[in-house]
Structure formats: structure tokens, C-alpha cells
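For reference, the chains in residue letters:
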Amino acid sequence: MRRDRPSVLLTVAPLLQREIDLDELLDRLVDEIVRAVSGDRGTLYLVDPAAGELFSRAAHLPELKQIRLKLGQGIAGTVALTGQAVNLPVVEGDRRFFKEIDRQTGYRTKTVLAAPLVDRSGRVIGVAQVLNAKRGAFSADDLAELKRLCGEAALAIENTSLYAQVRRRDKNPALPPRYRYNRVVGESEPMQRVYALVRKAAPTSATVLLRGESGTGKELIARAIHYNGPRSDGAFIKLDCTTLPATLIENELFGHERGAYTGAEARSQGKCELASGGTLFIDEIGELPLPLQPKLLRFLQDREFERVGGTRTHSADVRVVAATHRDLEAMVGRGEFREDLYYRLKVVQVTLPSLRERGPDDVLRLAEHFLEVYGKKHGRTPSLSASARARLVRHRWPGNIRELENCIESAVVLCEGAELAAEHLPLPAAVEGAPAERGERFRARPLADVERDHILATLSSVDGNRSRAAALLGIGRNTLARKLREFTR
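Remember, it's a predicted structure, so these values are computed and weren't measured experimentally.

## Observations concerning the nonpolar core
One finds Leu26, Leu29, Leu117 and Leu146 to be the most contacted residues of the largest nonpolar core, which totals 38 residues. Put simply, the parts of the chain that give this core at least two residues each are α1 (8-12), α2 (22-36), β1 (39-48), β2 (53-59), β5 (112-118), β6 (124-133), α5 (140-158) and α6 (162-168). In this structure, Leu26 is in contact with Leu44, Arg57, Ala58, Ile157, Leu162 and Tyr179, ignoring residues within four places of it in sequence. Leu292, Leu296, Phe305 and Leu328 belong to the second-largest nonpolar core, a separate cluster that totals 29 residues.

## What about the packing of aromatic side chains?
Inspection of the entire model under this criterion finds six aromatic pairs. Consider the rings of Tyr181 and Tyr195, whose centres lie 5.7 Å apart with planes at 70°: the pair is edge-to-face. One end of the pair, Tyr181, is in the loop between α6 and α7 (189-201); the other, Tyr195, is in helix α7, with 14 residues separating them in the sequence. One aromatic cluster in this structure is built from Phe254, Phe299 and Phe305. When the ring centre of Phe299 is taken as reference, the NZ or CZ atom of Arg303 above it lies at 5.6 Å.

## Some points on α7
Counted at 1.5 Å a residue, the expected span for α7 with its 13 residues is 18 Å, and the 19 Å between its end C-alpha atoms agrees. Restricting attention to buried positions, one finds in α7 the residues Pro190, Met191, Val194, Tyr195, Val198 and Ala201. Looking down the long axis of α7, one finds its buried residues gathered within 140° of arc, a one-sided arrangement. Counted as exposed and oriented over 90 degrees from the buried face of α7: Glu189, Arg193 and Lys200. Buried residues belonging to α7 abut β7 (208-211), α8 (218-227), β14 (319-324), β15 (348-351), α14 (355-358) and α15 (360-378).

## A short note on the sheet that holds β14
Taken in spatial order, the five strands make up an open sheet running β8-β11-β14-β7-β15, and their pairing is parallel. Unpaired on one side and paired on the other, β8 (236-240) and β15 mark the two borders of the sheet. The sheet shows a mean angle of 20° between the axes of neighbouring strands, direction not considered. Strand direction decides the pairing type here: strand β11 (residues 279-283) and β14, joined by four bridges, are parallel. Residue pairing in the sheet places Phe281 in a bridge with Val321 of β14. Its contacts with the sheet put α7 on β7, β14 and β15, and the angle it makes with β15 is roughly 155°.

## Here we look at the packing of α15 against helix α16 (residues 386-394)
Between α15 and α16, the least distance of the axes is 9 Å, while the angle of their chain directions is 125°. Accordingly, the angle class assigned to the pair α15 and α16 is oblique. Crossing hand, α15 versus α16: right-handed. Here Pro360, Val363, Leu364 and Ala367 of α15 lie close against α16, whose contacting residues are Arg389, Leu392 and Val393. Looking at the contact of α15 with α16 residue by residue, the class counts come to six nonpolar, no polar and one charged.

## Considering the pairing of β2
Most of β2 sits out of view: five of its seven residues are buried. The sheet contact formed by β1 and β2 spans six bridges and is antiparallel. Note on β2: the bridge partner recorded for Leu44 is Ala58. In textbook terms, the turn of a hairpin is the stretch between consecutive antiparallel strands, and for β1 and β2 this stretch comprises four residues, one of which, Gly52, has a positive phi near 65°. Bridge count for β2 against strand β3 (residues 68-70) is three bridges, and the pairing is antiparallel. Among the inter-strand pairings, Glu53 is bridged to a residue of β3, identified as Lys70.

## Details of the pairing of β6
In the case of a regular strand, side chains alternate between the two sheet surfaces. Counting buried positions along β6 yields ten of ten residues, so the element is predominantly enclosed. Bridge count between β1 and β6: seven bridges; the pairing is antiparallel. Residue pairing across strands places Arg41 opposite Leu131, the latter belonging to β6. Of the strand pairs in this sheet, β5 and β6 are connected by seven bridges, and their pairing is antiparallel. Note that in β6 the partner of Ala114 across the bridge is Gln129.

## Examining the environment of Leu117
Topologically, Leu117 is positioned in strand β5. Classification of Leu117 as buried rests on a relative accessible area of 0%. Between the C-alpha atom of Leu117 and that of Leu210, which follows or precedes it by 93 residues, the distance is 38 Å. Excluding residues within four positions of it along the chain, Leu117 makes contact with Leu44, Arg123, Val124, Ile125, Gly126, Val127, Ala128, Cys150, Ala153, Ala154 and Ile157.

## Some points on the pattern of salt bridges
Enumeration over the complete set of coordinates arrives at 35 salt bridges. One salt bridge connects Glu250 with Lys295, and the closest N-O pair in it is separated by 2.6 Å. Here Glu250 is found in helix α9 (residues 246-254), whereas its partner Lys295 is found in helix α11 (residues 293-302), with 45 residues between them in sequence. Given the relative accessible area of 21%, Glu250 is considered partly exposed. For Glu304, the salt bridge goes to Arg298, with nearest N and O atoms at 3.5 Å.

## Quick look at α2
Compared with an ideal rise of 1.5 Å per residue, which puts 15 residues at 21 Å, α2 spans 21 Å between its outermost C-alpha atoms and is within 8% of the ideal. Inspection of α2 places Leu22, Leu25, Leu26, Leu29, Val30, Glu32, Ile33, Val34 and Ala36 among the buried residues, and these make up the whole buried set. N-capping of α2 is provided by Asp21, with a side-chain oxygen placed 2.9 Å from the backbone N of Asp23. Among the residues trailing α2, Ser38 stands out with phi positive, at a value near 55°.

## A few points about the confidence of the model for the protein chain
Within the protein chain, residue pLDDT values average 90, and 91% of them lie at 70 or more. Low pLDDT (under 50) marks residues 430-440, which in the prediction has 16 contacts with non-local residues, meaning those over four places away or in another chain.

Thresholds applied
- Residues numbered from 1 in each chain as written.
- Predicted model: local features only at pLDDT ≥ 70, side-chain atom pairs only at ≥ 80, totals over all residues.
- Heavy atoms only, no water.
- Core = buried A, V, L, I, M, F, W, Y, C linked by side-chain atoms within 4.5 Å.
- Buried < 20%, exposed > 50% of the residue type's maximum accessible area, 1.4 Å probe, protein only.
- Helix = DSSP H or I, 4+ residues; strand = E, 2+ residues; numbered from the N terminus.
- Contact = heavy atoms within 4.5 Å.
- Phe/Tyr/Trp six-rings, centres within 6.5 Å; stacked < 30°, edge-to-face > 60°.
- Lys NZ or Arg CZ within 6 Å of the ring centre and 35° of its normal.
- Expected span 1.5 Å × (residues − 1).
- Arc of directions from axis to C-beta.
- Pairing = 2+ DSSP bridges.
- Axes fitted to C-alpha atoms, helices over the stretch in contact; angles between N-to-C directions.
- Parallel < 35°, antiparallel > 145°, perpendicular 65-115°, else oblique.
- Left-handed = near helix turned anticlockwise from the far one by under 90°.
- Nonpolar A, V, L, I, M, F, W, Y, C, P; charged D, E, K, R; others polar.
- Salt bridge = Lys/Arg side-chain N within 4 Å of Asp/Glu carboxyl O.
- Polar contact = N/O pair within 3.5 Å; in protein donor to acceptor, adjacent residues only side chain to side chain.
- pLDDT = per-residue confidence, 0-100.

Listed below in C-alpha cells is the structure:
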């Protein structure tokens with residue numbers, strides 16, 4: 001085996017803890033694999049166990065948007081089914097070769113090299129396939145190299161938020177494996193609107209204002225904007241206006257000169273300078289003291305500032321992303337926030353939905369994601385029971401994603417068996433909006449709330465299968481879909 005080739009794991013390792021577009025990460029994986037074995041084209045397939053299919057996620061495939069193969073269909077499908085790598089020097093006449101793809105693309109496949117992506121539990125989660133060796137045929141060394149690289153690629157995927165969806169799809173088939181940004185989980189319509197704005201804003205240098213309740217993931221979206229833009233190699237620096245006394249925020253933001261105040265024995269750079277070439281994330285901008293707001297306004301306009309205790313003007317090439325849960329418009333009306341600063345901040349405004357607005361599917365996707373994260377952390381691998389899913393989707397989540405994350409970690413710690421049940425969840429016994437469970441007094445509620453809770457509980461009880469839920473509810477599937485859309489408005 002040739003030892004001079006780079007590791008795909010080392011290539012993508014810096015991306016695994018970033019909120020990068022997952023398709024970009026998978027594209028880098030397939031690019032490195034094809035280059036390492038000197039092929040012409042490559043495709044990275046993922047396994048959808050509930051559907052019994054492979055689907056292409058990263059490919060040198062300009063002619064088709066996606067390929068879907070049944071397990072056992074074609075060479076990639078055969079590798080996924082058997083778990084055995086294949087080196088096919090001549091495809092013509094081989095019964096495993098699926099000619100239909102060549103027919104659709106106009107590409108002529110001559111040689112194929114394919115190997116499975118196997119996770120640490122021994123499960124096939126994908127297949128890497130490389131077409132047409134540039135030297136005429138793939139060698140035994142090429143096959144060994146591909147198998148090694150596929151092992152690294154599988155480990156990389158295991159360290160992304162995509163893995164929880166791929167791994168647990170067979171346990172919850174109603175949730176197809178979808179994703180956008182690493183560590184940002186959710187595919188509801190409200191989140192699709194967020195992703196659309198992030199996709200447009202990230203490649204620019206525009207200032208972005210993130211709005212939304214506490215715990216909705218504003219910092220993750222700020223990081224997604226940074227890591228999917230031209231400043232991704234620069235620093236991401238955070239200033240949280242709620243964690244510092246008002247007198248220290250200016251010092252943190254702009255730095256100080258030596259002797260600026262007692263104890264300032266040396267010059268210190270502020271976060272504006274530290275973020276130069278990257279992104280400055282100002283969290284809870286609504287808490288910024290009013291006397292400091294003109295100085296931030298000047299920085300946003302000109303990217304110029306003075307350190308505390310200094311008179312020299314400095315500049316910093318910084319992109320600013322700010323976030324708040326406060327009603328800035330009302331604060332402007334009360335004179336607590338400068339109107340000109342408000343408009344300078346909201347060049348692009350992104351409003352993050354609360355978890356209750358995102359709907360039951362996103363609650364379960366996030367629960368599965370956190371189950372994977374904390375299962376690894378605490379050395380446990382429980383699955384969500386039907387009762388736990390019902391409890392999760394009926395809770396109103398006033399603390400949003402942060403509350404759900406803490407809830408799942410606690411449940412993982414408390415659960416000692418193979419299945420995480422409703423009683424492991426640290427939620428009130430009488431879930432808000434739920435029928436009385438233990439003899440609680442009856443509380444009258446709006447009929448619309450009762451209907452919503454009953455529909456969501458029914459859907460959860462059948463693992464999200466909308467056809468079965470509609471049948472149990474005695475309504476049509478389209479009616480159910482319409483009601484679910486209404487619940488997320």
C-alpha cells in the first residue's frame with residue numbers, strides 16, 4: 001500500500017466541529033477519495049435503512065440530481081448489502097453492473113472500485129464508489145487504499161450531526177435523513193426559511209441580526225453564517241453582553257491601552273481586533289449599555305475604534321453578527337436603544353422559530369441528535385420508546401432547544417436499559433396541554449389546543465407514520481398534513 005497519500009480524516013477534521021454545510025464536507029470526502037486512488041469520478045452513497053435504499057449525497061455527477069438504488073442493486077447496492085468491497089476491472093457483462101445510470105448520464109463506465117463505509121458498531125452506513133481508473137485499471141493497492149479511506153470517512157461521518165439521522169432511521173422511519181448544516185438539526189418549514197437566509201447571507205460581508213427566544217440556537221446559526229462564508233478560516237469571536245458588567249463591555253469590545261486604569265499594566269486587544277479577518281458575534285445586543293452604543297455604531301459604519309484610555313484610531317476588518325431575544329423596536333421607542341444602531345444592525349435579519357413552532361418532527365430529530373451525542377458521552381446507546389416520543393412532542397418547550405438538550409442528557413444518565421421511556425424524561429408528570437394522568441383536577445382548555453395535542457400524540461404513537469395516524473384519527477392524509485402545517489404557524 002502506498003503510504004504517501006493524505007488522510008481524508010485529517011483533511012476534514014477541522015470541519016467536524018464547525019457548522020459547515022454538510023454537503024460541502026461530503027464533497028471534500030469524495031474528492032479526496034477519488035484523487036487518492038486516481039479515478040475519474042466518484043460517488044458517496046448513504047444508506048437509508050428504513051427504505052432499504054442507497055441515496056447519493058456527494059458525487060461527480062453533473063447530469064443527475066441524485067441516484068437512489070435498492071440494497072443489492074448495482075455495484076454500490078451490492079457492496080451495501082454484503083459489506084464487501086469490489087474491484088471490477090471490466091464492467092461489461094458483469095450482472096452486478098447497473099447500466100441505467102450510464103444510459104441517463106451518457107457517461108461510459110469501464111472500471112469500478114467500491115467499498116463500504118462501516119461505523120464502529122460494524123454497521124454499513126454508506127458506500128464510496130470510484131469510476132474509471134486513470135491508469136487503465138484499479139490495482140489491489142487501490143482497493144486496499146479505498147478501504148482504508150472509507151474507514152476514515154465513516155469515522156468522520158460519525159462525528160457529524162448527520163450520523164444520528166442515518167443510524168436511527170430504521171427505528172423512526174417517519175423521519176427521512178435530511179440535513180443542511182453540521183450541528184444544526186431540523187427540517188421544518190420555519191427552519192427552511194432560516195436556511196434560505198443563511199445561504200444568501202453567508203457568502204457576503206453583510207451585518208446580520210439574529211432574533212428569537214432564548215435557547216433557539218442563535219449562536220449555532222451565527223457560526224453557520226461564519227463557517228460557510230469567505231471568512232471561514234478567520235476567527236469566530238463571541239462577546240456576550242449579559243455576562244459582563246456595563247463598565248467592562250467597552251474594554252472587552254475595543255481593548256485598552258497601558259495605564260488606562262488601575263491594574264492596566266499592559267496594552268490589551270479587544271474582541272474587535274481579535275476578530276479581524278473573521279467574525280465578531282455580539283450576543284444579546286439589546287443589553288449593550290446606551291453610552292456605548294454610539295461607539296459600536298461608529299465601528300459598524302467605519303470599522304474604526306479607539307482603545308480605552310487611548311486616542312489613536314484603529315481599524316479592524318471584521319464581519320459583525322448580532323443576536324437578541326429583546327424587542328428592539330420597543331426599546332427604540334422607549335429611548336433604550338439607538339434607532340440608527342438598530343437599522344445598522346438589521347441589514348439582514350433572521351428570525352429563529354421557537355421549538356414549539358417547529359413542529360413534532362423537528363423535536364424528534366433534535367431528540368435523536370442529542371441522544372446520539374450524550375449516548376457517546378456517557379457510554380450508553382438507548383433508543384427512544386413510543387412513550388418517550390409522545391411525551392416529547394406534547395411538551396411545550398418554553399426553554400426551547402436548550403431545555404430539550406438538557407432533558408435528553410438527563411434521561412440518558414437515568415436510563416439503564418436499552419430503551420429510554422417517558423419516565424426517564426425530567427418533564428412534569430402532567431405535561432402542559434395533556435389530559436390528567438395521575439388524578440389531577442380537570443382544567444378547561446381551548447378546543448384547538450386539545451385537538452393539536454391529540455393529533456400530535458397519535459402521530460407519535462405510530463412513530464410518525466402519517467397514513468396510519470390519519471386512519472386512526474378518521475381523517476384524510478391531506479387533512480392531517482394541513483393541520484400539521486397549521487400547528488407550526
